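# Working through the structure, step by step
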Amino acid sequence: MTLIKRVGKALAVIVVVLAVSGFAGHQYVNHVEKQRSIVTLAKHSDKVLFFYRDDCPDCQAIFHQIYWHNVISHNIILINMNQPKNRHYIQKYQLTAVPTLIHGKQRYTGTNQQRIKQIVGD
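To start, this report covers the structure provided alongside it. (Residues numbered from 1 in each chain as written. Predicted model: local features only at pLDDT ≥ 70, side-chain atom pairs only at ≥ 80, totals over all residues. Heavy atoms only, no water.)

Take helix α2 (residues 57-73) next. Counted at 1.5 Å a residue, the expected span for α2 with its 17 residues is 24 Å, and the 25 Å between its end C-alpha atoms agrees. Where α2 bends most, the angle comes to about 40°, and this point is F63. Among the residues making up α2, those that are buried are C59, I62, F63, I66, Y67, H69 and N70. After α2 finishes, the residue H74 shows a positive phi value of roughly 55°. (Helix = DSSP H or I, 4+ residues; strand = E, 2+ residues; numbered from the N terminus. Expected span 1.5 Å × (residues − 1). Bend = angle between axes of the 7 residues up to and from the residue. Buried < 20%, exposed > 50% of the residue type's maximum accessible area, 1.4 Å probe, protein only.)

Our focus in this paragraph is the packing of aromatic side chains. Enumeration according to the criterion identifies eight aromatic pairs in this entry. Consider the rings of F51 and Y89, whose centres lie 6.2 Å apart with planes at 55°: the pair is tilted. Placement of the pair is F51 in strand β1 (residues 48-52) and Y89 in helix α3 (residues 88-92), with a sequence separation of 38 residues. Grouping residues by exposure puts F51 and Y89 together as buried. Taken together, a centroid distance of 5.1 Å and an interplanar angle of 80° make the contact between Y67 and W68 edge-to-face. Taking relative accessible area as the criterion, Y67 reaches 13% and is therefore assigned buried. Feature note: the residues F50, Y52, F63, Y67 and W68 constitute an aromatic cluster, connected by ring pairs. (Phe/Tyr/Trp six-rings, centres within 6.5 Å; stacked < 30°, edge-to-face > 60°.)

Here we take up the sheet that holds strand β3 (residues 100-103). The strands that make up a sheet are held in pairs by hydrogen bonds between backbone atoms, and each pair lies either parallel or antiparallel. Across the sheet, four strands lie side by side as β2-β1-β3-β4; this open sheet has mixed pairing. Here the strands that pair on one side only, and so sit at the sheet edges, are β2 (76-80) and β4 (106-109). For this sheet the average axis-to-axis angle between neighbouring strands, irrespective of direction, equals 15°. As judged from the four bridges shared by β3 and β4, these two strands associate in the antiparallel manner. When the sheet's bridge partners are listed, T100 is paired in β4 with T109. On the sheet, α2 packs against β1, β2 and β3 and is oriented at approximately 145° with respect to β2. Against the sheet, helix α4 (residues 113-120) engages β1, β2, β3 and β4, with an angle of about 150° to β4. (Pairing = 2+ DSSP bridges. Axes fitted to C-alpha atoms, helices over the stretch in contact; angles between N-to-C directions. Contact = heavy atoms within 4.5 Å.)

Attention now goes to the packing of α2 against α4. The contact between α2 and α4 brings their axes to 12 Å, and the two run at 25°. By the criterion of interaxial angle, the relationship of α2 to α4 is roughly parallel. Pair α2 / α4 crosses with right-handed handedness. Side by side, α2 and α4 meet where I62, Q65, I66 and H69 of the first sit next to Q113, I116, K117 and V120 of the second. (Parallel < 35°, antiparallel > 145°, perpendicular 65-115°, else oblique. Left-handed = near helix turned anticlockwise from the far one by under 90°.)

This part is about the environment of I116. Topologically, I116 is positioned in helix α4. For the pair I116 and I66, spaced 50 residues apart in the sequence, the C-alpha separation amounts to 8.5 Å. Discounting chain neighbours no more than four positions away, the residues touching I116 are I62, Q65, I66, L101, Y108, G110 and T111.

Quick look at the structure:
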């Protein structure tokens, strides 16, 4: 077998492994997004609060960005508002729409990448 064929086969294997792992990662994040865990917030947390709904197209558009940022920095609490026991946060944080990010006195509702980076600390 020539060197070119071996390199070609090795590259093909790498591409397949990357594609499969990328797909699996994407599927896992989608699974996390659909979870409807009950969230209890600490009184003086310094974390970013991310209020979303798993059936909201705008929320879905930015969820992967938020999730992967949190994997690295561990500074975001994901709060799915489709969980009935999380809905008391609507009044507490005066939520009018999702997706909403709150960090201290900073607050942003929407999908603008630059504004999201400002809130989450990128």
